[in-house]
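Per-entry structural report
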Amino acid sequence: QQQQQQQYYSSAEAALAAMAQQRAAQQAQQLQQQYYQAAPQYYQAVVQQPLQQQQTVAITLPADAAPGVSVDFQAPDGRVLSFKVPAGYGPGMQIVVSC
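Every value quoted in this text rests on a predicted model; they were computed, and no experiment measured them.

Attention shifts here to the overall build of the chain. When helices and strands are counted, the chain shows one helix and four strands. Restricting the contact set of the chain to residue pairs at least 6 apart, pairs at least 24 apart contribute 48%. Split by element, the accessible area of the chain, about 8,400 Å² in all, is 51% carbon and sulfur.

So, in structure tokens, the structure goes:
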């Protein structure tokens, strides 16, 4: 009778271990499916974001402009940017700047 009980418990333990392993595999598969279902939405959201196009602004250089001097200007989107006056440019001249 004791031998039958040991065989029963061994069988029950093996069955429980197999069930636990199967459950873990199912959970892993579900997580993987959730990931792959969410991934296209993530990539779609990233791709659909509009790319900021580079703009240009024509600026008349101030009276103190000289080659190498920094000039601040406001970009169309409101940012304040600066650039260094290149060689050959001076006060009152127009220059086109990318922003």
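Another point: the packing of aromatic side chains. Inspection of the entire model under this criterion finds one aromatic pair. A ring pair is formed by Phe73 and Phe83, whose centres lie 5.8 Å apart and whose planes are at 65 degrees; its orientation type is edge-to-face. Remark: Phe83 occurs in strand β3 (residues 80-84) and Phe73 occurs in strand β2 (residues 70-74); sequence separation between them is 10 residues. Residue class for Phe83 comes out buried when judged on its relative accessible area of 12%.

All right, on to the pairing of strand β4 (residues 94-98) then. Residues Ile95 and Val97 line the buried face of β4, whereas the alternating positions Gln94, Val96 and Ser98 sit on a face that is not buried. Where strand β1 (residues 56-60) and β4 come together, five bridges link them in antiparallel fashion. Looking at the pairing, Thr56 lines up with Ser98 of β4.

A separate point is the pattern of salt bridges. Here the structure, examined in full by the defined rule, presents one salt bridge. Note that Asp77 is salt-bridged to Arg79, the shortest N-O span being 2.8 Å. In this structure Arg79 comes out as partly exposed when scored by relative accessible area, which is 39%.

Criteria and thresholds
- Residues numbered from 1 in each chain as written.
- Predicted model: local features only at pLDDT ≥ 70, side-chain atom pairs only at ≥ 80, totals over all residues.
- Heavy atoms only, no water.
- Helix = DSSP H or I, 4+ residues; strand = E, 2+ residues; numbered from the N terminus.
- Contact = heavy atoms within 4.5 Å.
- Areas by Shrake-Rupley, 256 points an atom, 1.4 Å probe, with all protein chains shown as cover.
- Phe/Tyr/Trp six-rings, centres within 6.5 Å; stacked < 30°, edge-to-face > 60°.
- Buried < 20%, exposed > 50% of the residue type's maximum accessible area, 1.4 Å probe, protein only.
- Pairing = 2+ DSSP bridges.
- Salt bridge = Lys/Arg side-chain N within 4 Å of Asp/Glu carboxyl O.

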